[in-house]
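# A structural walkthrough
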Amino acid sequence: MSFKNRDIISITDFSRKDLIELFKRTDLMLDYRKNRLNLLEGKILASAFFEPSTRTRLSFETAMKRLGGDVISFSGSEAISIAKGENLADTIRMLDSYANIIVIRHKYEGAAKLAAEIAECPVINGGDGKHHHPTQAMLDLYTIWKLFGKIDGLNYAIVGDLKYARTAASLVLGLIKFKPQKIYLISPPQLKMKPEIIDTIEKYGFEYEELNDFGDIISTIDVMYVTRIQKERFPDPMEYEKVKGSYNINLKLISKAKETLRILHPLPKIDEIDLAIDQTKFAAYFTQAAFGVPLRMALLSLIFGVKFP
Amino acid sequence: MSFKNRDIISITDFSRKDLIELFKRTDLMLDYRKNRLNLLEGKILASAFFEPSTRTRLSFETAMKRLGGDVISFSGSEAISIAKGENLADTIRMLDSYANIIVIRHKYEGAAKLAAEIAECPVINGGDGKHHHPTQAMLDLYTIWKLFGKIDGLNYAIVGDLKYARTAASLVLGLIKFKPQKIYLISPPQLKMKPEIIDTIEKYGFEYEELNDFGDIISTIDVMYVTRIQKERFPDPMEYEKVKGSYNINLKLISKAKETLRILHPLPKIDEIDLAIDQTKFAAYFTQAAFGVPLRMALLSLIFGVKFP
Amino acid sequence: MSFKNRDIISITDFSRKDLIELFKRTDLMLDYRKNRLNLLEGKILASAFFEPSTRTRLSFETAMKRLGGDVISFSGSEAISIAKGENLADTIRMLDSYANIIVIRHKYEGAAKLAAEIAECPVINGGDGKHHHPTQAMLDLYTIWKLFGKIDGLNYAIVGDLKYARTAASLVLGLIKFKPQKIYLISPPQLKMKPEIIDTIEKYGFEYEELNDFGDIISTIDVMYVTRIQKERFPDPMEYEKVKGSYNINLKLISKAKETLRILHPLPKIDEIDLAIDQTKFAAYFTQAAFGVPLRMALLSLIFGVKFP
């Protein structure tokens with residue numbers, strides 16, 4: 001199944017072969033990420049952000065404009081009042097009649113899937129509740145593929161809030177398309193990875209381990225994927241203060257790591273990674289973020305079925 | 001009087017001949033509503049929404065972009081702070097010096113007219129208070145013209161809040177440019193059509209009737225135009241609960257209608273039309289909404305005096 | 001030092017020669033301010049307004065679009081939530097990886113300078129706290145140059161809130177690149193010009209005078225530059241009511257002025273200039289505002305190193 005006219009709802013819908021095709025197209029886009037490439041002239045992307053996400057929104061809008069297309073959008077307080085004022089189906093019908101493709105972010109799980117069922121034009125899930133964030137997972141996997149030349153055979157530590165962070169779940173669901181050597185899931189007990197994701201890991205027979213802190217595994221990790229732990233998730237703030245330290249990535253922790261360790265983060269980051277890390281070779285999150293536009297350029301050009309070069 | 005460089009303030013400013021010219025141009029735009037047509041390259045539309053209206057705003061912005069033009073805009077909280085921070089005339093002068101055409105929505109009646117007096121570039125009224133919404137009326141009339149091949153000789157039921165809904169008033173003022181057979185105005189007594197609109201209907205000698213509910217007229221109607229009845233309009237919520245049912249368009253009511261009845265609605269709709277109606281042949285409101293972009297493409301191209309084809 | 005790839009942080013960074021180059025380029029842009037000039041096709045400007053400023057934001061966005069470029073942006077409540085959610089450096093890194101140039105407005109003094117240190121692409125200061133607003137000063141100086149054919153040898157009165165209005169400070173710092181005959185600084189005692197600006201005037205040896213009201217100097221002034229006096233700046237509202245009148249520019253005051261006096265204002269204006277003045281030949285602020293787009297077109301085209309004509 002090719003990308004042409006396809007809805008992008010969950011990373012699980014894509015095969016290893018699909019993803020490699022996307023990565024190779026992304027490679028071709030790297031030269032154009034600051035220039036115009038008129039592949040989608042006359043096409044309009046509707047950017048429907050019912051929940052804020054500046055990074056995802058702007059990277060899609062930039063990608064569309066780099067490809068010669070244009071954008072209509074709503075976000076912020078306008079999106080909230082739309083969500084109150086009518087049912088989602090009617091809003092999607094409107095966007096479907098105006099635009100050539102829709103990107104939707106919504107707090108309800110399944111919102112993107114519903115939108116895809118209603119709309120004739122392709123729908124891209126820009127994040128639905130705690131559920132999926134497929135283009136972030138594509139970006140994460142591409143970054144690893146680009147940094148290491150492979151995704152197979154590496155040791156992964158996914159760190160932070162694994163319960164609510166859809167990026168962490170989406171990454172795991174993406175990794176199982178490949179052959180990771182081992183996946184460490186490091187989180188406070190309250191924020192452990194959802195059972196259905198664990199079930200999937202086990203079903204595919206991958207080696208994994210759930211931990212409360214790094215312990216002594218730091219020296220074995222190739223890719224560290226960090227997500228925010230939000231204080232608000234903890235019923236008791238004291239509880240948060242206790243665990244907080246275990247997930248602060250700092251120079252001391254990193255001093256025990258492989259030279260080749262690379263740290264990813266979907267951003268924005270708050271204080272889970274010390275600013276001192278930013279300047280080290282370990283920090284790959286800014287590179288990862290910079291791949292956001294070329295990856296989405298690649299994805300959009302594939303969905304519109306445009307040949308390139 | 002042609003459309004060229006003309007302000008679009010009220011539907012009453014346009015003759016039957018004008019409207020037919022607009023409808024024919026809209027027909028030509030239908031093929032381009034998902035593609036680019038470079039008629040307005042280098043032109044910029046200023047989208048000044050002091051009141052939110054995603055549908056109107058996005059349809060204008062999409063239309064401008066489909067025609068190869070571009071858009072600058074403000075809306076939401078930014079619009080509110082502009083409105084507080086300076087007089088409307090100064091804001092309009094700014095937009096007039098930046099853009100080639102201005103679309104304004106504002107809560108004050110007469111705001112668009114004031115803007116048109118100040119600005120050298122054409123001004124389009126995107127809705128002013130309870131007053132006018134001329135491009136919605138144009139869209140409504142075009143939809144009827146397209147569905148029935150005519151506007152003359154049909155029976156109309158305009159239903160809901162006829163007092164505050166500017167779309168209902170604007171439609172009536174548009175209909176009197178044609179020869180409707182009969183206009184039923186169906187609303188709770190508190191939300192009856194404004195006297196000045198009734199006076200206009202009488203002045204033009206059209207047959208009309210004001211009703212509190214459908215009674216047995218449902219079988220005679222060709223076009224049903226439904227607007228929202230907002231609970232907030234009622235001084236007493238009990239009062240609302242009582243009347244509410246009379247204006248719920250459902251399968252039972254429709255079962256007594258002509259096969260050729262078509263239901264229009266300016267959208268967004270809340271619960272005044274049962275979702276079950278959406279799937280029937282009677283529902284024309286999504287088609288109507290989808291005409292929003294080509295109609296506004298036609299209007300913009302006429303105002304800029306562009307010949308087409 | 002040419003404009004090419006240069007950050008625009010403070011008016012003090014630019015020489016008289018630089019400014020004259022900018023003014024001449026602006027002259028060339030006047031013919032294109034309502035048309036498209038494809039000098040920056042494929043370039044994207046990131047418009048990052050952490051503080052609202054519709055006029056500055058829209059004039060930059062219009063300028064970029066007139067030059068054939070495009071824009072990504074955030075503002076309003078979205079900007080506030082970004083500012084809360086991550087450090088400014090990370091936000092700037094994101095924009096730097098997406099766009100070709102960044103315009104930033106921020107309430108913290110030095111925010112634009114910090115952004116310029118982080119970003120590889122050029123950064124334009126759209127206003128930082130009470131600090132600088134260099135493109136407004138460029139616009140003010142261009143307007144004077146255009147109206148009088150020179151900036152040297154004129155008498156200036158800068159009126160209003162000189163303490164907090166960054167436009168007043170930026171204008172003085174711009175004027176000292178030229179040879180003003182005399183600068184009158186007219187403000188309530190609480191809102192006198194900041195000492196460091198006074199020091200700079202003295203260092204350059206310009207004649208100046210600080211006054212509480214116009215007294216009898218009105219007849220000697222060539223350029224009157226008015227800024228808003230905001231009631232909120234006064235600890236005691238009674239205090240405000242007392243001084244308020246001294247800074248109301250009205251026909252009576254102007255009746256004693258030279259025929260050639262011209263009044264500038266960065267806008268938006270509230271009530272510091274009587275509406276009756278708007279219609280007189282003295283009012284130059286709408287002309288000044290209309291120069292905002294061509295001046296920023298000139299600046300952007302110079303920063304991107306585009307030859308023109």
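This is a predicted model, so every value here is computed, not measured. (Residues numbered from 1 in each chain as written. Chains lettered and ligands numbered in written order. Predicted model: local features only at pLDDT ≥ 70, side-chain atom pairs only at ≥ 80, totals over all residues. Heavy atoms only, no water.)

The next point concerns the interface of chain A and chain C. At the junction of the two partners, chain A supplies 25 residues and chain C supplies 24 residues. Both sides of the chain A and chain C interface together cover about 2100 Å² of buried area, and 46% of this is carbon and sulfur. Where chain A packs against chain C, one counts four salt bridges. Across the pair D70(C) and K65(A) runs a salt bridge, and its minimum N-O distance is 3.2 Å. (Contact = heavy atoms within 4.5 Å. Buried area = accessible area lost by both parts, 1.4 Å probe. Salt bridge = Lys/Arg side-chain N within 4 Å of Asp/Glu carboxyl O.)

To continue, consider empty space enclosed by the protein. It is a probe the size of a water molecule, rolled over the atoms, that shows where empty space is left. Under the defined criterion, the tally for this structure stands at four cavities of 30 Å³ or more. By volume, the largest cavity is sized at about 680 Å³. Surrounding the largest cavity, 33 residues form its lining, S73(A), S73(B), R57(C), S73(C) and S75(C) being those nearest its centre. Here the lining of the largest cavity is built from residues that sort into nine nonpolar, 12 polar and 12 charged. (1 Å grid on protein atoms, 1.4 Å probe; cavity = no way out; pocket = protein on both sides within 12 Å on 5 of 7 lines; lining within 4 Å. Points joined across faces, edges and corners; volume = space filled by probe spheres on them. Nonpolar A, V, L, I, M, F, W, Y, C, P; charged D, E, K, R; others polar.)

Quick look at the relation of the copies chain A and chain C now. The two copies are related by a screw motion: chain A maps onto chain C through a turn of 120° and a shift of 0.0 Å along the axis, at an RMSD of 0.0 Å. Both chain copies can therefore be described as sitting about a three-fold axis. Proximity to the rotation axis, assessed at the C-alpha, singles out S77(A) in chain A; its C-alpha lies 4.4 Å from the axis. Of the residues that chain A buries at the interface, just 8% are likewise interface residues in chain C, meaning the two copies contact each other through different surfaces. (Least-squares fit on C-alpha atoms with pLDDT ≥ 70 in both.)

The next thing to look at is the interface of chain A and chain B. Contacts between the two partners involve 24 residues from chain A, matched on the other side by 26 residues from chain B. Buried area between chain A and chain B, summed over both chains or domains, comes out near 2100 Å², and the portion from carbon and sulfur atoms is 45%. Looking only at chain A, the three residues that lose the most surface to chain B are E78(A), S97(A) and Y98(A), adding up to 28% of its buried area. The tally of links between chain A and chain B comes to four salt bridges. The closest approach of N and O atoms between R55(B) and E86(A), which form a salt bridge, is 2.4 Å. Inspection of the chain A/chain B interface yields 15 residue pairs in polar contact (both at pLDDT 80 or more). Elements with a contribution of two residues or more to the side of chain A that touches chain B: β2 (70–74), α3 (76–85) and α4 (88–98) of chain A. (Polar contact = N/O pair within 3.5 Å; in protein donor to acceptor, adjacent residues only side chain to side chain. Helix = DSSP H or I, 4+ residues; strand = E, 2+ residues; numbered from the N terminus.)

Turning to helix α2 (residues 54–66) of chain C, a few remarks are in order. Three- or four-residue spacings in an α-helix give side chains the same orientation, since the helix completes a turn every 3.6 residues. If you check α2(C), its first and last C-alpha atoms are 17 Å apart, about what 13 residues at 1.5 Å a residue would give, namely 18 Å. Counting buried positions along α2(C) yields 13 of 13 residues, so the element is predominantly enclosed. (Expected span 1.5 Å × (residues − 1). Buried < 20%, exposed > 50% of the residue type's maximum accessible area, 1.4 Å probe, protein only.)

All names here are of chain A. Along the chain, L264 turns up in strand β9 (residues 262–264). Taking the relative accessible area as the measure of exposure, L264 reaches 0% and is therefore buried. Contact partners of L264, with chain neighbours within four places excluded, come to D140, T143, I144, L147, V223, M224, Y225, V226, A284, Y285 and Q288.

Okay, the relation of the copies chain A and chain B next. With an RMSD of 0.1 Å, the fit of chain A onto chain B corresponds to turning through 120° and sliding 0.0 Å along the axis. A low fraction, 8%, of the interface residues of chain A reappear at the interface in chain B, so the copies pair through non-equivalent surfaces.

In this section: the packing of α4(A) against helix α2 (residues 54–66) of chain B. Where α4(A) contacts α2(B), the axes come no closer than 10 Å and their chain directions differ by 15°. The angle between α4(A) and α2(B) places the two elements in the roughly parallel class. Along this stretch, α4(A) crosses α2(B), giving a crossing that reads as right-handed. Counted together, D90(A), M94(A), L95(A) and Y98(A) of α4(A) and T54(B), R55(B), L58(B), S59(B), T62(B) and R66(B) of α2(B) form the full contact between these two elements. Of the residues assigned to the contact of α4(A) with α2(B), the class counts are four nonpolar, three polar and three charged. (Axes fitted to C-alpha atoms, helices over the stretch in contact; angles between N-to-C directions. Parallel < 35°, antiparallel > 145°, perpendicular 65-115°, else oblique. Left-handed = near helix turned anticlockwise from the far one by under 90°.)

A separate point is the packing of aromatic side chains. One pair of aromatic rings is described through two measures. These are the centre distance and the angle between the planes. Per the counting criterion, the structure on display carries 24 aromatic pairs over all chains. Between Y285(A) and F286(A) the ring centres are 5.0 Å apart and the planes differ by 75°, which places this aromatic pair in the edge-to-face class. Centroid distance F23(C) to W145(C): 5.3 Å. Interplanar angle 45°. Geometry classified as tilted. With a gap of 122 residues between them, F23(C) in helix α1 (residues 16–29) and W145(C) in helix α6 (residues 134–148) connect regions that are remote in the sequence. Taken as a pair, F23(C) and W145(C) share a single burial class, namely buried. (Phe/Tyr/Trp six-rings, centres within 6.5 Å; stacked < 30°, edge-to-face > 60°.)

Take the domain arrangement of chain A next. Residue and element names in this part refer to chain A. Structurally, chain A comprises domain 1 (11–132 + 291–303) and domain 2 (134–289). One C-alpha centre belongs to domain 1, the other to domain 2, and the line joining them spans 25 Å. The three residues of domain 1 that bury the most area against domain 2 are I11, R16 and F291, which together make up 29% of that side's buried surface. Linking domain 1 with domain 2 are three salt bridges. The residue R166 makes a salt bridge to E51 at a minimum N-O spacing of 3.8 Å. The interface formed by domain 1 and domain 2 includes 12 residue pairs in polar contact (both at pLDDT 80 or more). Contributions of two or more residues to the side of domain 1 that touches domain 2 are made by α1 (16–29), α2 (54–66), β3 (101–106), β4 (123–128) and α13 (292–303). (Domains from an automatic or database assignment.)

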